[in-house]
Amino acid sequence: MSVKKKPLVIVTRKLPDSIETRMRELFDAHINLDDTPLTPEQLAEATRTADVLVPTVTDEITKELLEHPDCKLRLIANFGNGVDNIDVVAAHARGITVTNTPKVLTEDTADMTMSMILAVPRRLIEGASILTEGKDWQGWSPTWMLGKRLGGKRLGIIGMGRIGQAVARRARAFGLQIHYHNRKPVAPKIAEELGATYWDSLDQMLARMDIISVNCPHTPATFHLLSARRLKLIRKDAYIVNTARGEVIDEETMIKLIESGDIAGAALDVFEHEPAVSPKLVRLARAGKVVLLPHMGSATIEGRVEMGEKVIINIRAFLDNHKPPDRVLPNML
């Protein structure tokens, strides 16, 4: 009796051990033990040999790769919620199914966003560095390290999807007034629960907020949504928090406005040219003007395992000739 050949699944980065073990049991899984990002040449080779590719946000699955005559892929099971690293249109045209891992990172990302909303006005990182970097601390003083109170301030959320709503729930508990800009208003029941004010004009909202939280995905429509013109609308005493994608903000202009004092500061978990981080941002961080984190907004053990489980479910459904539960189509972007 012949044994059915397992499909070749290439995983581009190291995943939690439990997920890699299960993948090895189910598929002919080639895993990345040392977690070194694949080179463009290695990624191209993977598309020409694998039945299924499991990439992450660090892998650019371009039109050129997908249109290559030797591309063998049948499924791209992205390990991540966003799919801006994949040319979904080109994949769809080639008959390659694309899936992602939605709904498992909402609470983790919202937790991190709220922590950054707290960190910037209250100067938490700046204060911690006094004790950890050998700086001279003379003790408590009534006028030293003064920050801004959160209660009563206006929070403007850009993108009121699952994560934006989760951020709003947390922020409301801290006494923040919730405002938001979205493609369309949320359901009246949700707006009432959150006490949220909708702005159809992003420009008008930006000019009135104390803190602005970016929680929208990166798509062609949201590239530099916070453009140079819009950034100049933000108040001098306001802060920007971004745990979504760096490309949503014109980073260079934002830096200039923080340097000149035309924006009070920022907390960033993502960067426009990631993994490169502008030296200007690093200098601003050392000066206490910005908080920088290395794209760790969704980095919890539980979240990563749930993402891996979704990847496996999508692969198994596809290979069993069923519709994967998390399929991404071009009209969904």
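Within an unreviewed UniProt entry, the label attached to the protein chain reads D-glycerate dehydrogenase, and the organism entered is Tardiphaga robiniae. The Sequence similarities (unreviewed entry) comment attached to the protein chain in UniProt states, word for word, "Belongs to the D-isomer specific 2-hydroxyacid dehydrogenase family."

We now examine the layout of surface pockets. If a probe the size of a water molecule is rolled over the atoms, the empty space left behind becomes visible. Within this model, the second largest pocket holds a volume of roughly 510 Å³. Taken together, the elements giving at least two residues each to the lining of the second largest pocket come down to helix 5 (106-122), helix 6 (124-132), strand 11 (265-268), helix 12 (279-286) and strand 12 (290-292). Among the elements that line the lining of the second largest pocket, the one with the most residues is helix 6, at seven residues. Residues of the lining of the second largest pocket, tallied by class, amount to 18 nonpolar, five polar and seven charged.

A few words now on the UniProt feature "domain: D-isomer specific 2-hydroxyacid dehydrogenase catalytic" (unreviewed entry) in the protein chain. Here, the residues flagged by UniProt with the feature "domain: D-isomer specific 2-hydroxyacid dehydrogenase catalytic" (unreviewed entry) are residues 18-328. Between the C-alpha atoms that bound residues 18-328 the distance is 26 Å, and the span itself is 39% helix and 13% strand.

What follows is about the sheet that holds strand 10 (residues 239-242). Taken in spatial order, the seven strands line up as 8-7-6-9-10-11-12 in an open sheet, and their pairing is parallel. With partners counted over all chains shown, the strands left at the sheet margins are strand 8 (197-198) and strand 12, one partner each. Packed onto the sheet, helix 5 meets strand 6 (154-158), strand 9 (211-214), strand 10, strand 11 and strand 12 and runs at close to 155° relative to strand 10. In this fold helix 11 (residues 251-259) packs onto strand 10, strand 11 and strand 12, with an angle of close to 140° to the strand it touches most, strand 11.

This model, assessed by the stated rule, comprises one cavity of 30 Å³ or more. Approximately 30 Å³ is the volume attributed to the largest cavity. Sorting the residues of the lining of the largest cavity by element identifies helix 4 (88-93) and strand 5 (97-99) as the ones contributing at least two each. If one sorts the elements of the lining of the largest cavity by residue count, helix 4 sits on top with three residues. Looking at the lining of the largest cavity, its residues break down into seven nonpolar, two polar and one charged.

Turning our attention to the environment of Met160. Mapped onto the secondary structure, Met160 falls in the loop between strand 6 and helix 7 (162-173). Measuring from C-alpha to C-alpha, the distance between Met160 and Met116 comes to 18 Å, with 44 residues separating the pair along the chain. Those residues within four positions of Met160 in sequence are excluded, and the remaining contacts are Gln165, Ala168, Ile178, Tyr180, His181, Asn182, Val186, Leu194 and Ala196.

Here we take up helix 13 (residues 301-319). Look at helix 13: 27 Å from first C-alpha to last across 19 residues, which is about the 27 Å you get at 1.5 Å a residue. Buried residues in helix 13 make contact with strand 1 (8-11), helix 1 (17-26), strand 3 (52-54), strand 4 (75-77), strand 5 and helix 5. In the stretch just after helix 13, Asn321 is the one whose phi turns positive, near 65°.

Turning to the pattern of salt bridges, a few remarks are in order. This model, assessed by the stated rule, comprises 17 salt bridges. Between Glu20 and Lys14 there is a salt bridge, with the nearest N and O atoms lying 3.0 Å from each other. Close ionic contact of Glu25 with Arg22 constitutes a salt bridge, the shortest N to O distance being 2.8 Å. Taken together, the positions of Glu25 and Arg22, both in helix 1 and three residues apart, correspond to about one turn of that helix. Given the relative accessible area of 45%, Glu25 is considered partly exposed. Judged by its relative accessible area of 34%, Arg22 falls in the partly exposed class.

Reading the values: rules and limits
- Residues numbered from 1 in each chain as written.
- Predicted model: local features only at pLDDT ≥ 70, side-chain atom pairs only at ≥ 80, totals over all residues.
- Heavy atoms only, no water.
- UniProt positions renumbered as here; feature names shortened; annotations may be inferred.
- 1 Å grid on protein atoms, 1.4 Å probe; cavity = no way out; pocket = protein on both sides within 12 Å on 5 of 7 lines; lining within 4 Å.
- Points joined across faces, edges and corners; volume = space filled by probe spheres on them.
- Helix = DSSP H or I, 4+ residues; strand = E, 2+ residues; numbered from the N terminus.
- Nonpolar A, V, L, I, M, F, W, Y, C, P; charged D, E, K, R; others polar.
- Pairing = 2+ DSSP bridges.
- Contact = heavy atoms within 4.5 Å.
- Axes fitted to C-alpha atoms, helices over the stretch in contact; angles between N-to-C directions.
- Expected span 1.5 Å × (residues − 1).
- Salt bridge = Lys/Arg side-chain N within 4 Å of Asp/Glu carboxyl O.
- Buried < 20%, exposed > 50% of the residue type's maximum accessible area, 1.4 Å probe, protein only.

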